[in-house]
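# Residue-level structure breakdown
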Amino acid sequence: MLPEGRRAPTSAWRGIAWHNAAMTRHDLDPLGQSWAAPVPGRRITVLGSTGSIGTQTLEVAAWAGHDVVGLAAGRRVDRLLEQAHRWRPALVACDEDLADRVAPHLPTGTRLVTGSEGLAQVAQADADSVVAAVPGFRGLAPVRAALEAGRHVALATKEAMVCAGALVWRAARAAGGRLTPVDSEHAGLYQVLVGEPREGLERVVLTASGGPFREGPADLAAVTPAQALAHPTWRMGPKVTIDSATLFNKGLEVLEAAALFDLPLERIEVVVHPQSLVHALVRFRDGSIKAQVGPHDMRLPILYALEAPERPPLPLDPLPLSGRWDFEPPDTQRFRCLALAYEAGRRGGSAPLALNAADEVAVAAFLAGELRFDRIADVIERVLEAPWPELDDWAALPEADAEARALAHAAREHLGVRA
Ligand SMILES: NC(=O)c1ccc[n+]([C@@H]2O[C@H](COP(=O)([O-])OP(=O)(O)OC[C@H]3O[C@@H](n4cnc5c(N)ncnc54)[C@H](OP(=O)(O)O)[C@@H]3O)[C@@H](O)[C@H]2O)c1
């Protein structure tokens with residue numbers, strides 16, 4: 001029996017807990033997980049510690065008083081060693097061939113592990129929360145490892161949900177792991193949806209800055225890597241910055257939102273908001289709109305992901321409520337990558353995984369000066385022409401990823417260098 005005055009929820013939200021009459025929406029977070037377990041604590045590990053999200057996470061850790069018990073990075077040895085001496089974690093991981101440059105310089109009590117095995121070991125190390133910020137398909141395995149160890153994962157690696165959303169949730173459920181989004185739009189949605197009944201939700205809206213080419217040039221063929229790397233509002237790693245310039249990043253975020261919040265694609269809108277101050281909005285069926293607003297500073301969503309629903313203070317200036325806030329629809333003719341992401345989501349199966357692999361290949365080729373900016377979408381389109389069946393076990397993912405990459409390389413070669 002429900003306590004008096006409490007309405008039974010009408011939907012089995014992710015099939016978790018709603019069937020338990022003692023539970024209400026206030027017991028569950030916006031992803032349908034119990035607020036109670038596992039409770040984020042003070043000991044964190046950071047995967048991708050030398051990158052944009054990683055270094056900002058360590059700033060947050062210093063402010064909020066977290067202990068850093070594990071660090072994993074790839075090749076930036078000097079930065080990794082600096083972090084190891086500052087935080088003295090039990091475990092540090094780097095690329096295998098760099099072990100000789102790292103091991104002799106680690107502080108006493110810190111052990112080095114290397115390669116993908118080492119990355120998984122750090123992901124599973126004894127910690128309360130794992131900040132997952134290794135980009136791309138390669139960031140998926142450590143997310144899985146952390147969840148299978150029952151960890152709370154603060155998820156920046158959006159590709160994990162795009163490539164394997166259902167499997168990621170299955171891993172989390174099986175081992176009692178938990179996910180909280182770090183991506184600013186998803187962190188925004190999460191905050192807006194705290195305590196809201198699912199059945200009141202009409203649509204969600206993700207905002208996009210529009211990137212450096214929002215106002216031109218009309219023809220994107222001659223865009224250079226340097227131009228595409230100059231993002232107007234966010235400072236991020238190179239891959240995600242190029243993806244922001246093509247709007248592919250927003251496409252990934254649409255797919256990530258669908259997988260994280262269990263939403264059909266037709267309920268996810270994108271709106272361009274160049275000021276990047278409104279991160280996400282939710283339209284409710286009574287006509288109300290709720291938005292999450294804040295400075296474009298990733299340290300806020302990182303802190304929230306580590307502490308939600310608590311809100312410890314951060315030493316940042318308050319956001320001035322002045323100036324203009326613009327909203328406009330995205331131009332999916334010039335920025336075809338966004339439309340292609342919706343298309344991959346509609347096709348389902350492993351199409352989103354193939355879309356991601358194609359983009360990783362195309363962006364690397366663009367940065368290497370081997371592919372025109374506007375041809376990134378062409379490469380993705382060609383890869384999506386193949387059939388991409390449903391994959392329901394982890395073992396099938398690397399093969400599908402490799403197949404998509406092979407097709408993308410073939411398309412890239414065919415589409416030619418700078419022609
Ligand atoms: N940056 C943002 O503002 C932002 C916002 C929302 C979401 N995200 C998402 O967060 C993720 C990280 O983005 P980022 O901008 O922080 O990327 P980034 O600046 O390029 O940093 C990537 C990090 O991952 C490490 N790494 C790469 N390959 C690795 C491997 N095989 N093993 C271990 N570590 C590896 C890198 O190490 P080395 O540099 O030492 O090689 C670096 O520490 C992406 O999925 C992105 O989409 C980023």
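Description of the structure in this document. (Residues numbered from 1 in each chain as written. Predicted model: local features only at pLDDT ≥ 70, side-chain atom pairs only at ≥ 80, totals over all residues.)

## Description of the overall build of the protein
Within the protein one finds 15 helices and eleven strands. The C-alpha radius of gyration computed for the protein amounts to 21 Å, which stays within 12% of the reference 22 Å derived for 419 residues, consistent with globular compactness. Dimensions of the protein, computed from the C-alpha atoms along their principal axes, are close to 70 × 60 × 50 Å. Here the contacts in the protein between residues at least 6 apart in sequence split such that 65% fall between residues at least 24 apart. (Helix = DSSP H or I, 4+ residues; strand = E, 2+ residues; numbered from the N terminus. Rg over C-alpha atoms; globule rule 2.2 N^0.38 Å. Contact = placed C-beta atoms within 7 Å.)

## Observations concerning the pairing of strand β10 (residues 278-284)
As judged from the five bridges shared by strand β8 (residues 201-208) and β10, these two strands associate in the antiparallel manner. Considered in β10, the bridge of Leu-206 is made with Ala-280. Examined bridge by bridge, β10 and strand β11 (residues 289-293) share five bridges and lie antiparallel to one another. Residue pairing across strands places Ala-280 opposite Gln-292, the latter belonging to β11. Between β10 and β11, which pair antiparallel in sequence order, lie four residues; one of them, Gly-287, sits at a positive phi of approximately 100°. (Pairing = 2+ DSSP bridges.)

## As for the packing of helix α13 (residues 351-367) against helix α14 (residues 375-384)
Close contact between α13 and α14 brings their axes to 9 Å; oriented N to C, the two are set at 145°. The interaxial crossing formed by α13 with α14 has right-handed handedness. Where α13 abuts α14, its residues Ala-351, Ala-354, Leu-355, Ala-358, Asp-359, Val-361, Ala-362, Val-363 and Phe-366 lie against Ile-376, Val-379, Ile-380, Val-383 and Leu-384. Considering only residue class, the contact of α13 with α14 consists of 13 nonpolar, no polar and one charged. (Axes fitted to C-alpha atoms, helices over the stretch in contact; angles between N-to-C directions. Left-handed = near helix turned anticlockwise from the far one by under 90°. Nonpolar A, V, L, I, M, F, W, Y, C, P; charged D, E, K, R; others polar.)

## Comments concerning the site of the ligand
Residues in contact with the ligand amount to 28 residues; listed here are only the nearest, Gly-48, Gly-51, Gly-74, Met-236 and Gly-237. Where the shell around the ligand is concerned, the elements lending two or more residues are α1 (52-64) and α6 (158-175). Tallied by class, the residues present in the shell around the ligand amount to twelve nonpolar, ten polar and six charged. (Near = placed C-beta within 6 Å.)

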